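# Descriptive analysis of the structure
Okay, here's what each chain looks like letter by letter:
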Amino acid sequence: MAAERVEIGRLGRPFGVRGWIHVESWCEPPERILGYSPWLVVRSGAPALSTRVLEGRRHGEGIVARLDGITGRDAAAALTGATIEIERARLPPAEAGTYYRVDLIGCRVVNEQDVELGIVDHFVDAPGGAVMVVCGEREHWLPAAAPHLREVDLVERRIRVHWPADF
């Protein structure tokens, strides 16, 4: 079952004094996040905030954006660490052989010897690429790329991997 909303990034520290904020994007390319508006900004212990992206741009290695209703540094600082979500229906279909991470969370992971390693809990972006954190009897951190991923079956909610059970 596909999630109704998908997390596409996170808000960082304020940028300047006029309400701009650093944005960490999960999109490829990263600046694609600016085209998804409105954003649902989700903060722990606070109601979600629906806001439009008024402007945004690349800044060094990252992205900065100005959001509707965020007019000063203090307002931007209050959003630091919040996640950015959009409605799932706004995403384009995944290309053949690629998957949205949100679709893989909750899938069973088995190796080529049919040993069940656990369930995909979340992903970590490591310097060498994305890593699936698989929780079972033990926690496995598996590279989420070829040659380790052998087969993804979203209907059966199963991922087959080239990975030893005792690693």
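Before reading on, note that the structure itself is shown above.
Residues numbered from 1 in each chain as written. Predicted model: local features only at pLDDT ≥ 70, side-chain atom pairs only at ≥ 80, totals over all residues. Heavy atoms only, no water.

## Regarding the packing of aromatic side chains
- Under the definition given, this model contains zero aromatic pairs.
- Arg-57 extends its terminal NZ or CZ atom over the ring of Trp-20, reaching a point 4.8 Å from the ring centre. (Phe/Tyr/Trp six-rings, centres within 6.5 Å; stacked < 30°, edge-to-face > 60°. Lys NZ or Arg CZ within 6 Å of the ring centre and 35° of its normal.)

## Some thoughts on the pairing of strand β2 (residues 20-25)
- Counting buried residues along β2, five of its six residues qualify, which places the element largely inside the surrounding structure.
- Where strand β1 (residues 5-15) and β2 come together, five bridges link them in antiparallel fashion. Within β2, the residue paired with Gly-9 across the bridge is Ser-25.
- Here β1 folds back onto β2 in antiparallel fashion, the turn holding four residues, of which Gly-16 has a positive phi close to 80°.
- Here β2 pairs with strand β6 (residues 62-67) via four bridges, running antiparallel. Bridged to Ile-21 within β6 is Ala-65. (Buried < 20%, exposed > 50% of the residue type's maximum accessible area, 1.4 Å probe, protein only. Helix = DSSP H or I, 4+ residues; strand = E, 2+ residues; numbered from the N terminus. Pairing = 2+ DSSP bridges.)

## Observations regarding the sheet that holds β1
- In spatial order, the strands read β4-β3-β7-β1-β2-β6-β5; together these seven strands make up an open sheet with antiparallel pairing. The outermost strands of the open sheet, each flanked by one partner alone, are β4 (49-51) and β5 (53-59). Strand-to-strand twist in this sheet, taken as the mean axis angle between neighbours without regard to direction, amounts to 35°.
- Summarising the sheet, β1 and strand β7 (residues 83-87) pair through five bridges and their orientation is antiparallel. Bridging across to β7, Val-6 finds its partner in Ile-86. (Axes fitted to C-alpha atoms, helices over the stretch in contact; angles between N-to-C directions.)

## Observations concerning the layout of surface pockets
- Roughly 1300 Å³ of volume is contained in the largest pocket.
- Forming the boundary of the largest pocket are 39 residues, of which Trp-26, Tyr-99, Tyr-100, Arg-101 and Val-102 lie nearest the centre.
- For the lining of the largest pocket, the secondary-structure elements that each account for two or more residues are β1, α2 (101-104), β9 (116-126), β10 (129-135) and β12 (149-153).
- Top element by residues in the lining of the largest pocket is β1. It accounts for five residues.
- Residue composition of the lining of the largest pocket, by class: 24 nonpolar, four polar and eleven charged. (1 Å grid on protein atoms, 1.4 Å probe; cavity = no way out; pocket = protein on both sides within 12 Å on 5 of 7 lines; lining within 4 Å. Points joined across faces, edges and corners; volume = space filled by probe spheres on them. Nonpolar A, V, L, I, M, F, W, Y, C, P; charged D, E, K, R; others polar.)

## Side note on unusual backbone geometry
- The peptide bond linking Ser-37 to Pro-38 adopts the cis configuration, its omega dihedral lying at 10°.
- Within the fold, Pro-38 resides in the loop between β2 and β3 (39-42).
- That bond from Ala-146 to Pro-147 is cis: its omega, 10°, falls within 30 degrees of zero.
- Among the structural elements, Pro-147 can be located in the loop between β11 (139-143) and β12.
- If you check the backbone angles, Asp-114 has positive phi at about 65° while not being a glycine.

In short, geometric facts, not functional conclusions.
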